[in-house]
Amino acid sequence: MKNYDYIILGTGPAGYRLAQLLANTGKSLLAVEGGLFGGTCPNVGCEPKIFLSGAVHTARASQQLVGRGIAQPAQLDWDQLMVTKKARFDSWPAETKAIYEKMCDVAVGYGQFVDSHTIEVAGHRYHGDKIIIATGHRPHRLAIPGSQYGHDSSDVLSLAHRPDQAVFIGGGYVGIELATFLAAAGTKVEILIRSDRILRGFYAKYAQAMVDAMEQQGVKFHFHTSATKIEPHEGKYLVTTNQGTQLATDYVVDASGRVPNTEKLDLPAAGITFSKHGIDVDDHLQTNVPGVYAIGDITSQKLPKLTPVAELEANYLYHQFEKGATAPVHYPTIGTAVFAFPEIAQVGISPDQAGDEYHIEERNLSGGSLYAGLNEQEAKLTLVYDSTDHLVGASEIGASAADDINNLVPVIGLKISRTDWERHVLPIYPALADKVAGLLKK
Ligand SMILES: Cc1cc2nc3c(=O)[nH]c(=O)nc-3n(C[C@H](O)[C@H](O)[C@H](O)COP(=O)(O)OP(=O)(O)OC[C@H]3O[C@@H](n4cnc5c(N)ncnc54)[C@H](O)[C@@H]3O)c2cc1C
Ligand SMILES: NC(=O)c1ccc[n+]([C@@H]2O[C@H](COP(=O)([O-])OP(=O)(O)OC[C@H]3O[C@@H](n4cnc5c(N)ncnc54)[C@H](O)[C@@H]3O)[C@@H](O)[C@H]2O)c1
């Protein structure tokens, strides 16, 4: 049995970043991948998603300006967009595998623990002094009759032909982004929301504004509604709901969340503690078994499941393993966004969480020339200040909310005051960053 200094299970952003760093150390390294090399983000997640959103934003932005200087609005051609998306993304797993083969040894197949330091892949066994689990999440499937007729986010991101109608189940990141895309291309979209709101965790007022904007785009929301059955019916699918209604549609998307990839690992064989939320780790990202670590989406930590978080954890382990770092992992200020149209983005303390000790202010951005020139109806920014007048939270809805909020991530993370900003920063005018000084208190 071959022995390695390091075995990394999974080649998504977490595993990939760690493999890149460890490959330069001269230590022996085995990377194991059972699915698509590169993992979720570049194959069936962030990257194809943001690629599609380029055309979606362009079309929607032009439609907003009809009669205001745009004569013919752009129309999305979903099928053509998918051809261009495939041309760019389909070769990525093979290219990533080739990159890996230059960096380290590679085993193709799902890794499974035999004991705490032995992994079996496709019938071969390998011993690792240190084993890092970076196996990520996969789409959750509802346990309802006919769930096999539903599709997941990976299917939508590769959907060659646009359906006329689609029913989405779930109003989280995935449901709202992908429903926006299909609706922009002309699909009649309905979304089932089991509670009274979408995008839990985002500022409730802006989540409602997102509902309003999507309704204006023709999307129909059914609140307090979940699917109980999906069945084929006369060339379509019938979705039965807990409200006793039935919706006929061409395409059903199960956007009910994501679950950790733990099953194939046989974690009990190694005695590793885990739950339905993922693998438990301590503040050094070590599992309960010495020498076995977990990073990225697969951990049970209550953190946003995002690519930059996965990569941060990979960097942290590298410094712990190879640079003598001993401090616990530290998570900086984390921004997050939903790339719909408009976008919704947030950093720091949400206005919903801010108690009486905080001061909240809302700015209407759509009045400014930049946003008015795009005829943005719904561009608003809410700021949360602490009792020392430092900015500690920001939420925005608007077509450029993600980039706007990114301007405020360093302000909050570095606790930059207005005096600091004015002393050190002179950004490009006219854009949100040049107004940041005005958003900070003296
Ligand atoms: C539609 C969508 C859009 C997203 N958009 C964004 C975004 O805009 N911004 C953002 O920051 N994040 C986004 N995310 C989240 C982001 O993709 C994840 O946070 C990120 O990919 C996590 O990286 P990871 O390495 O932990 O896991 P993954 O990328 O999921 O990689 C895990 C890898 O492990 C492999 N694997 C599983 N089990 C085994 C095993 N037993 N042995 C070997 N290999 C195994 C899997 O095949 C996979 O390749 C999005 C996700 C989705 C689904
Ligand atoms: N822009 C981004 O950064 C981005 C985009 C996509 C995904 N992600 C990451 O992936 C994670 C998962 O996203 P997601 O949208 O799959 O999950 P989510 O948890 O954000 O949303 C799942 C939705 O499904 C609903 N739901 C759950 N069970 C249901 C049921 N039985 N019936 C009806 N509805 C049900 C939930 O109420 C929720 O609205 C996100 O938390 C995020 O970390 C990020």
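Please read these numbers as outputs of a predicted model, since none were measured by experiment.

Criteria and thresholds
Residues numbered from 1 in each chain as written. Chains lettered and ligands numbered in written order. Predicted model: local features only at pLDDT ≥ 70, side-chain atom pairs only at ≥ 80, totals over all residues. pLDDT = per-residue confidence, 0-100. UniProt positions renumbered as here; feature names shortened; annotations may be inferred. Helix = DSSP H or I, 4+ residues; strand = E, 2+ residues; numbered from the N terminus. Domains from an automatic or database assignment. Contact = placed C-beta atoms within 7 Å. Near = placed C-beta within 6 Å. Nonpolar A, V, L, I, M, F, W, Y, C, P; charged D, E, K, R; others polar. Pairing = 2+ DSSP bridges. Axes fitted to C-alpha atoms, helices over the stretch in contact; angles between N-to-C directions.

Draft legend 1. Representation of the confidence of the model for the protein chain. Of the residues in the protein chain, 100% reach a pLDDT of 70 or more, and the chain-wide mean stands at 97. For this predicted complex, the interface confidence reaches an ipTM of 0.98, while the overall pTM sits at 0.98.

Draft legend 2. Spotlight on the UniProt feature "domain: Pyridine nucleotide-disulphide oxidoreductase dimerisation" (unreviewed entry) in the protein chain. This chain's UniProt record puts "domain: Pyridine nucleotide-disulphide oxidoreductase dimerisation" (unreviewed entry) on residues 336–436. With 30% helix and 29% strand, residues 336–436 has end C-alpha atoms that lie 19 Å from one another.

Draft legend 3. Structural detail: the domain arrangement of the protein chain. Domain parsing of the protein chain yields domain 1 (2–139 + 259–322), domain 2 (147–256) and domain 3 (342–439). The C-alpha-based centres of domain 1 and domain 2 are spaced at 27 Å. Taken together, the contacts link twelve residues of domain 1 with 15 residues of domain 2. Sorting elements by how many residues they give to the side of domain 1 that touches domain 2 places helix 3 (residues 46–63) first, with six residues.

Draft legend 4. The arrangement of the site of ligand 1 in detail. Contacts to ligand 1 come from 38 residues, most closely from Gly12, Gly35, Gly39, Gly136 and Gly296. At the level of elements, helix 1 (13–23), strand 2 (29–33), helix 2 (40–44), helix 3 and helix 10 (307–322) are the ones that each hand at least two residues to the shell around ligand 1. For the shell around ligand 1, a count of residues per class yields 16 nonpolar, 17 polar and five charged.

Draft legend 5. Highlighting the sheet that holds strand 14 (residues 246–249). The three strands are arranged 12-13-14 in an open sheet whose pairing can be described as antiparallel. A strand with exactly one partner marks an edge of an open sheet, and here the two such strands are strand 12 (227–233) and strand 14. Averaged over all adjacent pairs, the angle separating strand axes in this sheet is 20°, with direction ignored. As paired strands, strand 12 and strand 13 (residues 236–241) are joined by six bridges and run antiparallel to one another. Bridge pairing links alanine 227 to threonine 241 in strand 13.

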